[in-house]
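In case you want the letters, here they are:
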Amino acid sequence: MMAVFNRALFQMAAVVSMITLVTFYFMIFHNCSGELTQEAPTTQKLRLPPMSHLPPPGPCTCPGGSTLLKEHLPKDQYGELVKRRAKELHQHKARTTSVLSRLLFASPNSPLQYPIQGFKVLPLTSTLIPGLALHAGQRSSYKVSLNVSKGVLTTEITADGVKVQGHGESRLIMESSSLVTLNYLLAKVSYTSTVYHIHTGDLASFQFENHEAVFPITIKQPLLPVLYDMGTDVSSHVTVITKTFLRYTQLKVLLSSIRRFYSNIEVIIADDSFEPENITGEHIRQYIMPPAQGWFAGRNLAVSQVTTKYLLWVDDDFVFTEETKIEKLVEVMEAVPELDVLGGTVQGNQFYFSLLYEEGEEMDGGCLYRKSNEKFHPLPGYPQCSLTSGVINFFLARTHAVQKVGFDPKLQRVAHTEFFMDGLGSLLVASCDHVSIGHQPKTSHNKDKARYDKFRNPAGMLIPAECDHLPFLSVNESSTGQTTCGRALCADHNFDIKIGER
């Protein structure tokens, strides 16, 4: 009898406890329901809006020993040069900047949903804007607007109870008493650019009450992929290229060494000698240039004729050895497709350098810092390689990437660093120590040595070879490898200013 009573008492206590919990549950969530369904009040008007642009760069500061190129320009030409530089800079910015460079900030506690990255459209092509939605609490009416500057906006026109203004215009306003209906309309909003441009952008403003969000729209014509048939061996992957001038003895040694290890790899020779010798042999192409056109002109010619995925640049006085394993360089490039240039060593000398460009003030020019034997960090997965800015004259490169940067033909004699300066920001470069090439010993048997030296080291250089083709900046590096820099105004290669032939 007692057991029955205890069991009934326990059951009654359990029921009372359950009722108490349910009561507390409804009390709490009923009183808080408005807070859970309403968006948090905005404090946007109480905040100072963040800057939408980074502050312009200040003047760059260069250590002692820097070359100020404006000091090497004729004073009577300086004023006109400044005006021409300003025009060129304006055109450069028009080609390379857009509204997509503007900083955007997300406001806190916003009920607006929108794409923050990756929305890309074709020029003049209608495209749905993904992810547009409003998340707001109960209201009698919901009204949103979208505004763009380089295109028009459209959506579906639905039944009664919905107001749409600006359909097919740059500002689109939508209002509905139903949040579900409004979000349906937002999911159907399309953007169409109205001016053809191959790569630009627009900024869309999305507004609800006192909330505003801005998101980027990339307008871009897609690039056709450049794809290569890699074939089955290194000869279908790589073309060896070189430039020669009055050094046929060294060139023939180089060719002989190549054939010792790679019997059918293609070799391209750009030759601007005064009395060209005919170089024959299978898989050898010799291109005769007008005399003494210069090293970079020859490089441009040689690169333009490459049809393989990769090119291997070598000087005409190098020599292939047992350590010249092109396949090892190809292996790294294939494993890291972001790489554009991969350097090796010449007789164990792994020459590399870093570049840092400090923009400086717009009208005064910037500073370019160059430091030898400085690398950034090891290449992931390949500890024998490191990322850097420039490498020695023995490198494997993606043909398409090098063709896009090119070689400035005004640099006729002493030039190498300049290619990597022009490629700064375009070429991803690394240097490896596990592939090497030899260098032929200097000899006095070359009948053209005196004439060659005259062109290689001409008198009358007024400023360092590294600087005269750069867009109004310079670089200088001491023999100890200490970093220095030069500043403003250097004549761009588009301006015909005599500074001494090289």
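Everything that follows concerns the structure shown earlier in this document.
Residues numbered from 1 in each chain as written. Predicted model: local features only at pLDDT ≥ 70, side-chain atom pairs only at ≥ 80, totals over all residues. Heavy atoms only, no water.

**Quick look at the overall build of the chain**
Here is step 1 of the chain: A count of helical and extended segments in the chain gives nine helices and 25 strands.
Here is step 2 of the chain: Considering the chain as a whole, with its 502 residues, one finds that 42% of them fall into the buried category.
Here is step 3 of the chain: The contacts of the chain with a sequence gap of at least 6 include a subset with a gap of at least 24, amounting to 72%.
Here is step 4 of the chain: Put simply, the chain shows about 27300 Å² of open surface, and 57% of that area lies on carbon and sulfur atoms. (Helix = DSSP H or I, 4+ residues; strand = E, 2+ residues; numbered from the N terminus. Buried < 20%, exposed > 50% of the residue type's maximum accessible area, 1.4 Å probe, protein only. Contact = heavy atoms within 4.5 Å. Areas by Shrake-Rupley, 256 points an atom, 1.4 Å probe, with all protein chains shown as cover.)

**Some thoughts on the sheet that holds strand β9 (residues 190-193)**
Backbone hydrogen bonds are what pair the strands of a sheet, in a parallel or an antiparallel way.
Here is step 1 of the chain: Ordered by their spatial adjacency, three strands build an open sheet running β3-β9-β6, and the pairing between neighbours is antiparallel. Two strands in the sheet have a free side with no partner beyond their single neighbour: β3 (127-128) and β6 (151-154). (Pairing = 2+ DSSP bridges.)

**Topic: the environment of Val 330**
Here is step 1 of the chain: Of note, Val 330 is situated in helix α6 (residues 326-335).
Here is step 2 of the chain: Taking C-alpha positions, Val 330 is 9.0 Å from Leu 342, a pair spaced twelve residues apart along the chain.
Here is step 3 of the chain: If we skip the residues at most four places from it in the chain, Val 330 touches Val 234, His 237, Val 238, Tyr 310 and Leu 396.

**With respect to the pattern of salt bridges**
Here is step 1 of the chain: If you walk through the whole model with that rule in mind, you get nine salt bridges.
Here is step 2 of the chain: Between Asp 316 and Arg 247 there is a salt bridge, with its nearest N and O atoms 2.5 Å apart. In this pair, Asp 316 sits in the loop between β15 (310-313) and β16 (318-319) while Arg 247 sits in the loop between β12 (238-244) and α4 (248-261), placing the two residues 69 residues apart along the sequence.
Here is step 3 of the chain: Among the residues examined, Asp 316 registers a relative accessible area of 3% and is labelled buried.
Here is step 4 of the chain: Residue classification places Arg 247 among the buried positions, given a relative accessible area of 12%.
Here is step 5 of the chain: Residues Asp 317 and Arg 247 are paired through a salt bridge, measuring 3.5 Å at the closest nitrogen-oxygen approach. Placement of the pair is Asp 317 in the loop between β15 and β16 and Arg 247 in the loop between β12 and α4, with a sequence separation of 70 residues. (Salt bridge = Lys/Arg side-chain N within 4 Å of Asp/Glu carboxyl O.)

**Thoughts on the side chain of Ser 436**
Here is step 1 of the chain: Here Ser 436 is to be found in strand β24 (residues 429-439).
Here is step 2 of the chain: Taking the relative accessible area as the measure of exposure, Ser 436 reaches 14% and is therefore buried.
Here is step 3 of the chain: A distance of 2.9 Å separates polar atoms of two side chains, one belonging to Ser 436 and the other to Thr 345.
Here is step 4 of the chain: Residues in contact with Ser 436, not counting those within four places in the same chain, are Thr 321, Glu 323, Thr 324, Thr 345, Val 346, Gln 347, Gly 348 and Phe 394. (Polar contact = N/O pair within 3.5 Å; in protein donor to acceptor, adjacent residues only side chain to side chain.)

**Overview of the nonpolar core**
Here is step 1 of the chain: By size, the foremost hydrophobic cluster in this structure holds 40 residues, and its most contacted members are Val 238, Leu 312, Val 314, Phe 320, Ile 326, Leu 339 and Phe 394.
Here is step 2 of the chain: Elements with a minimum of two residues in this core: β12, α4, β13 (266-271), β15, α6, β17 (341-346), β21 (382-388) and β24.
Here is step 3 of the chain: Residues Ile 268, Ala 270, Val 391 and Val 402 belong to the second largest nonpolar core, which totals 29 residues. (Core = buried A, V, L, I, M, F, W, Y, C linked by side-chain atoms within 4.5 Å.)

**A short note on the pairing of strand β5 (residues 142-147)**
Here is step 1 of the chain: In the sheet, β5 pairs with strand β8 (residues 171-176) via six bridges, with the strands oriented antiparallel. Each residue of the ladder has a partner; that of Val 144, found in β8, is Met 174.
Here is step 2 of the chain: Bridging between β5 and strand β10 (residues 199-208) involves four bridges; their strand directions are antiparallel. Bridged to Val 144 within β10 is Phe 208.

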